[in-house]
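Commentary on secondary and tertiary structure
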Amino acid sequence: MNTIIIFSFFAVFFRLTDLMILSHKRLSEKAKQQHIKVEDIQIRRGIIFDRQGRELALNLELESLYCEPDSLNLDNESVRKLASTIAKEPEVILTKIPSEGKFAWIERKLEPDIAERVKGLNIKGLGFMNEAKRVYPKGKLASHVLGFVGVDNQALEGIELQYDRYLKTRGGKVFFGRDASGRTLSSGVDKEAKGNNIVLTIDEGLQGIVEKEIEKAMLQWGAAAASAIMMDPFTGEILALANRPSYDPNNPGKVNDFEKRNRAITDCYEPGSTFKTVVGIAALEENIARPDMLFDVGKGGIEVGGKIIRDVHRHGILTFNEVIQKSSNVGSVMIGMRLGKERVYKYAKLLGFGEKTGIDLPGEVSGWIRPPERWSGTSIGAIPIGQEVAVTPLQVLRAYSAIANGGSLVRPHVVSEIISPEGKLLVSLRDMEMNRIISKKTAETFKDILKGVVEEGGTGKSASIEGNEVAGKTGTAQIINPKTKRYSKEKFVSSFVGFVPADNPRLALIVVIYEPKGQIYGGVVAAPVFRGITNQALSYLDIPMEDNPHKNPLLVSR
Amino acid sequence: MMSFIFKPLCIALLLSGLFSLVWLKSNVVTLEYKLSALEKKKAEYLKERRILLAEKASLQSYESVEASLRGDHDFVFPDRVKVVHVTPVRNKYREGVGLSNGVKRQKGSLTKKASLEKRQSAGP
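It should be emphasised that the depicted structure is a prediction, and the values quoted were computed from it without experimental measurement. (Residues numbered from 1 in each chain as written. Chains lettered and ligands numbered in written order. Predicted model: local features only at pLDDT ≥ 70, side-chain atom pairs only at ≥ 80, totals over all residues. Heavy atoms only, no water.)

So, the overall build of chain B
- Within chain B, the regular secondary structure consists of 4 helices and 1 strand.
- Taken from N to C terminus, the helices and strands of chain B fall in the order α-α-β-α-α.
- Taking all 124 residues of chain B together, 15% fall into the buried category.
- When the accessible surface of chain B is split by element, carbon and sulfur atoms take 65% of a total near 10,400 Å². (Helix = DSSP H or I, 4+ residues; strand = E, 2+ residues; numbered from the N terminus. Buried < 20%, exposed > 50% of the residue type's maximum accessible area, 1.4 Å probe, protein only. Areas by Shrake-Rupley, 256 points an atom, 1.4 Å probe, with all protein chains shown as cover.)

Shown next as structure tokens:
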């Protein structure tokens with residue numbers, strides 16, 4: 001009996017020695033693995049707001065379905081049920097499940113009701129994990145500005161890409177204690193890491209108006225594409241930027257590159273008559289011409305380098321003002337020839353052509369204008385009327401904004417503020433410095449000339465609105481046929497660019513319609529779109545009319 | 001005599017100290033379980049809140065508001081020609097006591113108001 005007791009004591013002693021000394025490290029590690037649960041800290045991208053604080057991009061928390069192949073119990077019936085629940089083919093699901101392993105995704109970011117239905121199937125070996133899904137609650141609205149993210153929330157386009165380093169944040173791990181039944185103890189740590197929020201200069205209301213109107217124009221003219229940009233001419237704040245065709249950033253996988261392209265900054269076109277402003281401004285600035293100076297364009301054509309450039313309609317003698325107002329090609333070429341190629345080039349560069357505007361969106365192109373030494377014999381006849389140059393709609397709008405604001409070139413931008421998740425202002429991009437490029441006097445004179453374009457006798461009459469003066473310019477340009485390398489006789493780009501109210505500009509707007517059918521002229525195709533947008537935009541912004549007709553007042557405000 | 005009382009007292013104190021420690025520890029663990037359950041509940045509510053926020057943002061979008069108003073209520077943009085803007089006469093007394101707009105202005109205005117609005121209020 002004594003021997004048994006002594007032997008038992010020794011057995012207990014050896015076991016304790018084994019547990020507490022010899023196997024201590026191994027067992028301690030194993031215990032830790034069983035007691036401590038490690039989870040990734042969920043990363044939430046920052047929210048994107050419009051200028052009024054309306055959410056344009058935010059995050060949802062959805063459940064993703066995964067499986068543990070080693071313990072998965074999936075017969076044919078279960079596969080069929082699972083496939084019908086998540087609306088996938090059974091074969092697609094089977095290809096996602098490896099024969100062995102501890103983890104494999106089956107479907108990411110399921111809608112809450114679908115996740116609940118999958119849970120109801122009670123299939124052993126399936127599990128759910130919470131993941132953040134980026135959503136754009138306004139759908140297509142401002143999709144080319146916002147951009148989108150991939151399935152792992154990696155930035156792919158637009159603001160999401162440009163400001164990715166502010167929107168995303170670092171994750172990390174969080175450790176929990178847990179008991180034998182799997183219940184976790186509080187870690188006392190926030191399981192979420194939030195990125196910085198971004199406030200855009202875009203206004204959802206103005207963006208909606210712009211998108212609605214260009215959509216209408218696309219349908220009306222059977223156009224291939226359309227772009228419109230609205231900007232504050234004094235600050236460079238982009239108030240609206242829209243393109244058609246467009247896409248829903250909530251489903252970027254279903255979109256082709258043609259729809260994704262932010263053509264307002266990535267596509268070049270020959271500006272046509274909207275470029276006549278360059279020679280006009282240069283002539284005034286260099287004292288080559290005065291507003292009342294006469295130009296004889298009665299012949300209807302002018303020969304430059306063996307090529308004859310003609311007017312659409314034959315005019316007699318025109319003043320400098322009328323050359324711009326009636327968009328005379330012959331008059332513009334005459335002015336260009338008086339200036340000479342060096343000065344035409346100098347002012348084109350001063351007005352920002354051939355260089356990126358520096359907008360804070362990815363993919364902007366610089367366009368191009370050849371330096372004078374590379375001009376051909378016909379270039380001095382082509383460039384003053386907006387041929388042989390490639391511009392983006394944004395560049396043209398910026399040049400006209402310089403006229404609107406009294407002669408300064410602004411830097412267009414779409415982000416006004418970056419705010420930390422706690423609400424602290426990190427970066428403010430407002431009220432940036434402007435670079436004066438032309439004199440105030442020239443800007444004011446040219447503003448008056450552009451007002452004439454929208455008045456009776458001008459090419460842009462259909463851009464005029466009741467109650468406020470509009471200043472602007474029409475543009476009609478041919479597109480080069482890539483097969484023949486010559487200007488197409490069927491394909492045109494119609495545009496209108498201007499600002500309103502002309503004497504106290506609040507909005508600068510460009511409308512570009514690519515390949516309209518039936519009509520081609522900027523004054524017919526694009527100018528009415530300008531009118532439609534500005535009329536509603538002024539109403540939306542509560543900008544009063546300049547004259548007061550006292551006709552049947554409906555309501556009194558302010 | 002002293003040791004007769006002192007010894008059991010010490011043992012009782014020691015035992016009660018030990019039990020208190022165990023009791024405290026178990027209470028801490030129970031609280032941690034409760035906290036964990038509350039955290040889960042909070043996470044659920046936050047998740048729901050996010051869904052509701054997204055739904056609200058979607059319902060308040062320019063497009064859906066315009067469509068619903070136009071469809072059922074025949075709302076249209078006001079005809080600018082029929083709108084007259086009247087600048088209110090400044091009332092020094094009301095401004096002095098902070099009643100110029102009926103309510104006191106909020107300090108630290110919202111960040112969203114950018115220069116467009118600033119210039120609008122200081123406009124012609």
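As for the overall build of chain A
- A tally of regular secondary structure across chain A gives 20 helices and 25 strands.
- In terms of principal-axis extent, the alpha carbons of chain A reach across some 135 × 60 × 50 Å.
- Counting across all 558 residues of chain A, residues that qualify as buried make up 54%.
- Long-range contacts, defined as pairs at least 24 residues apart, comprise 72% of the intrachain contacts of chain A with a sequence gap of at least 6. (Contact = heavy atoms within 4.5 Å.)

As for unusual backbone geometry
Residue and element names in this part refer to chain A.
- Each neighbour pair has its own omega, and for R244 with P245 the value is 0 degrees, a cis peptide bond.
- Residue position: P245 is located in the loop between β11 (238-244) and α10 (257-260).
- A cis amide bond, omega -15 degrees, links V500 with the succeeding residue P501.
- Looking at the element boundaries, P501 is found in the loop between β23 (486-500) and β24 (507-514).

Description of the pattern of salt bridges
All names here are of chain A.
- Scanning all chains against the criterion turns up 39 salt bridges over all chains.
- Ionic pairing is found between E77 and R80, a salt bridge with its closest N-O pair at 2.7 Å. Of the two residues, E77 and R80 both sit in helix α3 (residues 76-85), 3 residues apart, roughly one turn of that helix.
- By relative accessible area, E77 is classed as partly exposed at 39%.
- Relative accessible area serves as the criterion here: at 46%, R80 is assigned to the partly exposed category.
- Ionic pairing is found between D152 and R108, a salt bridge with its closest N-O pair at 2.6 Å. (Salt bridge = Lys/Arg side-chain N within 4 Å of Asp/Glu carboxyl O.)

With respect to the sheet that holds β23(A)
All names here are of chain A.
- If you walk across this open sheet you meet the 5 strands as β11-β10-β24-β23-β22, and the pairing is antiparallel. Edge positions in the sheet fall to β11 and β22 (471-481), since each of these pairs with one other strand and no more. Between one strand and the next, the sheet's axes are offset by a mean angle of 10 degrees, whatever the strand orientation.
- Packed on one face of the sheet, helix α18 (residues 440-453) meets β22 and β23 and runs near 70 degrees to β22.
- Contacts from helix α20 (residues 527-540) reach β10 (225-231), β23 and β24, with the element oriented near 145 degrees to β24. (Pairing = 2+ DSSP bridges. Axes fitted to C-alpha atoms, helices over the stretch in contact; angles between N-to-C directions.)

What about the packing of aromatic side chains?
Residues and elements named next belong to chain A.
- Taken as a whole and assessed by the stated rule, the structure comprises 11 aromatic pairs over all chains.
- When the centroid spacing of 4.9 Å and the interplanar angle of 25 degrees are considered together, the rings of Y66 and F103 count as stacked. Linking Y66 in strand β4 (residues 55-67) with F103 in the loop between α4 (90-96) and β5 (104-110), this pair joins segments that are 37 residues apart in sequence.
- Taking relative accessible area as the criterion, F103 reaches 39% and is therefore assigned partly exposed.
- Directly above the aromatic system of F128 lies the positively charged group of K119, at a separation of 5.2 Å from the ring centroid.
- The ring of F258 carries R263 above its face, with NZ or CZ at 4.7 Å from the centroid. (Phe/Tyr/Trp six-rings, centres within 6.5 Å; stacked < 30°, edge-to-face > 60°. Lys NZ or Arg CZ within 6 Å of the ring centre and 35° of its normal.)

A few points about the domain arrangement of chain A
All names here are of chain A.
- You can read the domains of chain A as domain 1 (39-70 + 103-178 + 187-200) and domain 2 (204-410 + 445-540).
- Summarising the inter-unit geometry, the C-alpha centres of domain 1 and domain 2 are found 42 Å apart.
- The partner domain 2 presents 24 residues to the 23 residues of domain 1 that form the contact.
- Summed over both sides, the interface of domain 1 with domain 2 buries roughly 2,100 Å², with 56% coming from carbon and sulfur.
- Here domain 1 and domain 2 share 3 salt bridges between them.
- Among the ionic pairs, R51 bridges to E237, the shortest N-O distance being 3.3 Å. (Domains from an automatic or database assignment. Buried area = accessible area lost by both parts, 1.4 Å probe.)

Comments concerning the nonpolar core
Residues and elements named next belong to chain A.
- The biggest cluster of nonpolar side chains holds 94 residues, and the ones touching the most others in it are V145, I159, L200, I238, F275, V415 and L450.
- Looking at which element gives the most residues to this core, the answer is helix α17 (residues 393-404), with 8 residues.
- Residue assignment places this core across two domains, with domain 1 (39-70 + 103-178 + 187-200) and domain 2 (204-410 + 445-540) each supplying three or more.
- Setting aside residues up to four positions removed in sequence, V415 forms contacts with I159, Y163, I198, V199, L200, T201, D360 and L429.
- One finds L239, I513, F530 and L538 within the second-largest nonpolar core, a separate group that totals 35 residues. (Core = buried A, V, L, I, M, F, W, Y, C linked by side-chain atoms within 4.5 Å.)

Some words on the side chain of A:N59
- Following the sequence through the fold, A:N59 ends up in strand β4.
- Only 3.2 Å separates the side chain of A:N59 from the side chain of A:R134, close enough to count as a polar contact.
- Beyond its immediate stretch of four places on either side in the chain, A:N59 contacts A:R44, A:R45, A:K133, A:R134 and B:R50. (Polar contact = N/O pair within 3.5 Å; in protein donor to acceptor, adjacent residues only side chain to side chain.)

Looking at α3(A)
Residues and elements named next belong to chain A.
- Listed as buried for α3 are S78, V79, L82, A83 and T85. Down the axis of α3, the sector holding all buried residues measures 160 degrees, keeping them to one side. Counted as exposed and oriented over 90 degrees from the buried face of α3: N76 and S84.
- Those residues of α3 that are buried lie in contact with β4, α4, α5 (112-120) and β6 (126-135).
- One or two steps after α3, the chain reaches A87, where phi turns positive at roughly 55 degrees. (Arc of directions from axis to C-beta.)

Quick notes on a positive patch on the surface
- Together, A:K194, B:K42, B:R49 and B:K56 line one region of the surface with positive charge.
- Here the element with the most residues in the positive patch is helix α1 (residues 2-59) of chain B; it accounts for 3 residues.
- Of note, B:R49 is situated in helix α1. (Patch = residues over 30% accessible without salt bridge, like charges linked within 9 Å, V, L, I, M, F, W, Y side chains within 5 Å. Lys, Arg positive; Asp, Glu negative; His and termini not counted. Charge placed at Lys NZ, Arg CZ, Asp CG, Glu CD.)

Some thoughts on the pairing of β5(A)
Residue and element names in this part refer to chain A.
- Among the 7 residues in β5, 5 count as buried, and that is most of the element.
- As paired strands, β4 and β5 are joined by 4 bridges and run antiparallel to one another. Residue pairing across strands places Y66 opposite W105, the latter belonging to β5.

Some details on the environment of A:T357
Residues and elements named next belong to chain A.
- Along the chain, T357 falls in the loop between α15 (341-350) and β16 (368-369).
- Considered as a pair, T357 and L409 are 52 residues apart in the sequence and their alpha carbons are 9.5 Å apart.
- Ignoring any residue separated from it by four or fewer positions in sequence, one finds T357 in contact with E364, L394, Q395, R398, R411 and P412.
- A distance of 3.3 Å separates a polar side-chain atom of T357 from the backbone nitrogen of I359.
- Within the local environment of T357, its side chain forms a polar contact with the side chain of E364, the two groups lying 2.6 Å apart.

Focus: helix α12 (residues 276-285) of chain A
Residues and elements named next belong to chain A.
- For α12, the buried fraction is high: 9 of the 10 residues fall into the buried class.
- Three or more residues of α12 are buried, namely K276, T277, V278, V279, G280, I281, A282, A283 and L284.
- If you follow the buried residues of α12, they end up packed against α13 (320-325), α14 (329-339), α15, α17 and α18.
- Once α12 finishes, N287 follows within two positions and takes phi at roughly 55 degrees, a positive value.

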